[in-house]
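A closer look at the structure
So you can see what is in the structure, the chains are spelled out below.
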Amino acid sequence: MQYRKEIDGLRAIAVLPVLLFHAKVPGFGGGYVGVDIFFVISGYLITGILLEDLRQDRFSILTFYERRARRILPALFAMTAATAVGAYALMAPDQFRDFGQSLIALAIFGSNILFWWESGYFEASAEEKPLLHTGGLAVEEQFYIVFPALLYLIWRISRRDRAMLTMLGTLVLASLAFSQWQSAVAPTANFYLLPSRVWELVIGSIAMIIATPRIAAPWRAALGWAGIG
């Protein structure tokens with residue numbers, strides 16, 4: 001899959017409201033929506049990579065994971081090393097112990113589960129969790145464990161886009177319905193855990209299948225600006 005500079009631009013736009021939300025800038029109380037945009041982007045890109053391999057009959061889960069590791073792990077290791085130095089220098093012993101637990105959870109891509117057990121995302125204690133943002137990474141990694149095999153199975157059942165869209169659309173509706181229910185009965189779990197986030201990632205998958213080859217360039221540009229708005 002070719003490099004998409006406009007998607008990197010969208011990532012930059014998505015991260016800004018998240019940073020402004022955490023900085024408590026007035027007017028950005030909903031800035032955490034940038035996390036949702038990142039999930040859609042991830043679903044879009046991962047599906048493009050997988051479909052390209054499937055259509056060229058070179059699909060390999062091991063190759064997929066190897067590429068993901070090369071893309072994610074160097075930056076992740078650098079970030080955690082720098083954060084660990086700061087945590088050691090600045091944190092009280094009990095805070096540093098909690099930080100160590102975060103490191104262990106991060107190593108197995110279970111940060112979202114740990115933070116769900118500990119507290120809500122919007123509590124004041126979130127400011128004392130320098131690895132809190134890795135909860136979103138954990139959701140994506142858990143999705144990466146399941147989705148390649150699922151997409152491969154769908155591809156083997158039917159190689160037609162319409163059948164793929166029907167199956168993925170069903171998954172989106174099921175996850176979205178679950179998310180709406182969870183938002184009322186367990187809002188913290190709804191924010192952190194994969195089942196109520198799947199629909200966002202798979203929306204990106206559907207966009208990859210239907211958008212680029214069928215929509216003329218001027219309309220794509222107009223829809224892009226509308227989405228930014």
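Preceding block: the structure.
1. Some remarks on the pattern of salt bridges
Here the idea is simple: oppositely charged side chains can pair when their charged atoms come close. Taken as a whole, this structure holds 9 salt bridges when the rule is applied. In this structure, Glu200 engages Arg197 in a salt bridge whose closest nitrogen and oxygen atoms are separated by 3.0 Å. Exposure remark for Glu200: the relative accessible area of 5% places this residue in the buried category. Of the residues examined, Arg197 reaches a relative accessible area of 5% and is grouped as buried. Through salt bridges with shared partners, one network takes in Glu52, Asp53, Arg58 and Arg67.

2. Here we look at the layout of surface pockets
Over the atoms a probe the size of a water molecule is rolled, and this reveals where empty space is left. Approximately 1,000 Å³ is the volume attributed to the second largest pocket. Lining the second largest pocket are 25 residues, with Leu10, Tyr44, Arg220, Leu223 and Gly224 sitting closest to its centre. Those elements that provide at least two residues to the lining of the second largest pocket are helix 1 (5–22), helix 2 (33–55), helix 9 (198–210) and helix 10 (217–228). Take the lining of the second largest pocket: its biggest share by element is 7 residues, from helix 10. Split into classes, the residues belonging to the lining of the second largest pocket amount to 18 nonpolar, 4 polar and 3 charged.

3. Observations concerning the packing of helix 2 against helix 9
Axes are the key here: two packed helices are described by the angle between their axes and the distance separating the axes. Between helix 2 and helix 9, whose axes approach to 6 Å, the crossing angle comes to 50°. Judged on the interaxial angle alone, helix 9 and helix 2 are oblique. Considering how the two elements wind past one another, helix 2 and helix 9 form a crossing that is right-handed. For the pair formed by helix 2 and helix 9, the contact residues are Asp36, Phe39, Val40, Ser42, Gly43, Tyr44, Thr47, Gly48 and Leu51 on the first element and Glu200, Leu201, Ile203, Gly204, Ser205, Ala207, Met208 and Ile209 on the second. Grouping the amino acids of the contact of helix 2 with helix 9 by side-chain chemistry returns 9 nonpolar, 6 polar and 2 charged.

4. Here we look at the nonpolar core
By size, the foremost hydrophobic cluster in this structure holds 41 residues, and its most contacted members are Leu51, Phe143, Leu151, Met164 and Leu168. By residue number, the principal contributor to this core is helix 6 (residues 134–157), which donates 8 residues. In this structure, Ile7, Ile41, Tyr44 and Met208 belong to the second largest nonpolar core, which totals 5 residues.

5. A closer look at the environment of Arg160
Mapping Arg160 onto the fold places it in the loop between helix 6 and helix 7 (161–185). Taking the C-alpha atoms as reference, Arg160 lies 37 Å from Pro74; in sequence the two are 86 residues apart.

6. Side note on the environment of Asp94
Mapped onto the elements of the fold, Asp94 is located in helix 4 (residues 93–107). When the C-alpha positions of Asp94 and Ser196 are compared, they lie 32 Å apart, and in sequence the two are 102 residues distant.

7. With respect to helix 3 (residues 61–90)
Helical periodicity: at 3.6 residues per turn, an α-helix aligns residues three or four positions apart in one direction. With 30 residues, helix 3 should reach 44 Å at 1.5 Å per residue; the first-to-last C-alpha distance of 41 Å fits that figure. When helix 3 is considered as a whole, its buried residues turn out to be Phe64, Arg68, Ile72, Leu76, Thr80, Thr83 and Ala87.

8. Comments concerning the packing of aromatic side chains
In the structure shown here, the tally under the stated rule is 10 aromatic pairs. On the numbers, 5.4 Å between centres and 85° between planes, the contact of Phe191 with Tyr192 is edge-to-face. Here a set of aromatic residues connected by ring pairs shows up, and it is made of Phe64, Tyr65 and Tyr144. Between the NZ or CZ atom of Arg197 and the centre of the ring of Phe191, over which it lies, the distance is 4.7 Å.

9. Comments concerning the packing of helix 7 against helix 9
Their axes nearest at 8 Å, the elements helix 7 and helix 9 cross at an angle of 155°. Taken together, the axes of helix 7 and helix 9 lie roughly antiparallel to each other. Judged by the sense of rotation from one axis to the other, the crossing of helix 7 with helix 9 is left-handed. Touching Asp161, Met164, Leu165, Leu168, Gly169, Leu171, Val172, Ser175, Leu176 and Ser179 of helix 7 are Val198, Trp199, Val202, Ile203, Ser205, Ile206, Ile209 and Ile210, all from helix 9.

Rules used throughout
Note that residues are indexed from 1 along each chain, following the sequence as it is written. pLDDT decides what is reported in this predicted model: residues at 70 or higher carry local features, side-chain atom pairs at 80 or more are listed and counted, and totals for whole chains, interfaces and linings draw on all residues regardless. Hydrogen atoms and water are omitted, and side-chain values are computed over all heavy atoms in the structure. The working definition used for a salt bridge is a side-chain nitrogen of Lys or Arg within 4 Å of a carboxyl oxygen of Asp or Glu. Relative accessibility thresholds used throughout: buried, under 20% of the residue-type maximum; exposed, over 50%; partly exposed, between the two (1.4 Å probe, protein chains only). For each structure, a 1 Å grid was placed over the protein atoms alone; sets of points admitting a 1.4 Å probe that cannot get out are labelled cavities, open sets with protein on both sides within 12 Å along at least five of seven lines are labelled pockets, and lining residues have an atom within 4 Å of a point. Grid points are joined across faces, edges and corners, and a volume is the space filled by probe spheres set on the points. Helix and strand assignments come from DSSP, with helices taken as H or I runs of at least 4 residues and strands as E runs of at least 2, each series counted from the N terminus. We call Asp, Glu, Lys and Arg charged. Ala, Val, Leu, Ile, Met, Phe, Trp, Tyr, Cys and Pro are nonpolar, and the rest, Gly among them, are polar. Fitted lines through C-alpha atoms serve as axes, helices being fitted only where they are in contact, and the angles separating the N-to-C directions of these axes extend from 0 to 180 degrees. Convention used here: angles under 35 degrees read as roughly parallel, angles over 145 as roughly antiparallel, angles from 65 to 115 as roughly perpendicular, and any remaining angle as oblique. If you view the pair so one helix is near and one far, a crossing is left-handed when the near helix is turned anticlockwise from the far one by less than a right angle, and right-handed when it is turned clockwise. Two residues qualify as a contact provided that any one of their heavy atoms is within 4.5 Å of a heavy atom in the partner residue. As used in this record, nonpolar core signifies buried Ala, Val, Leu, Ile, Met, Phe, Trp, Tyr and Cys residues forming a set joined through side-chain atoms within 4.5 Å. The span one expects for a helix is its residue count, reduced by one, times 1.5 Å. The criterion for an aromatic pair is that two Phe, Tyr or Trp rings (for Trp, the six-membered ring) have centres within 6.5 Å, with stacked assigned to planes under 30 degrees apart, edge-to-face to planes over 60 apart and tilted to the rest. In our convention, an over-ring charge means Lys NZ or Arg CZ found within 6 Å of a ring centre and within 35 degrees of that ring's normal.

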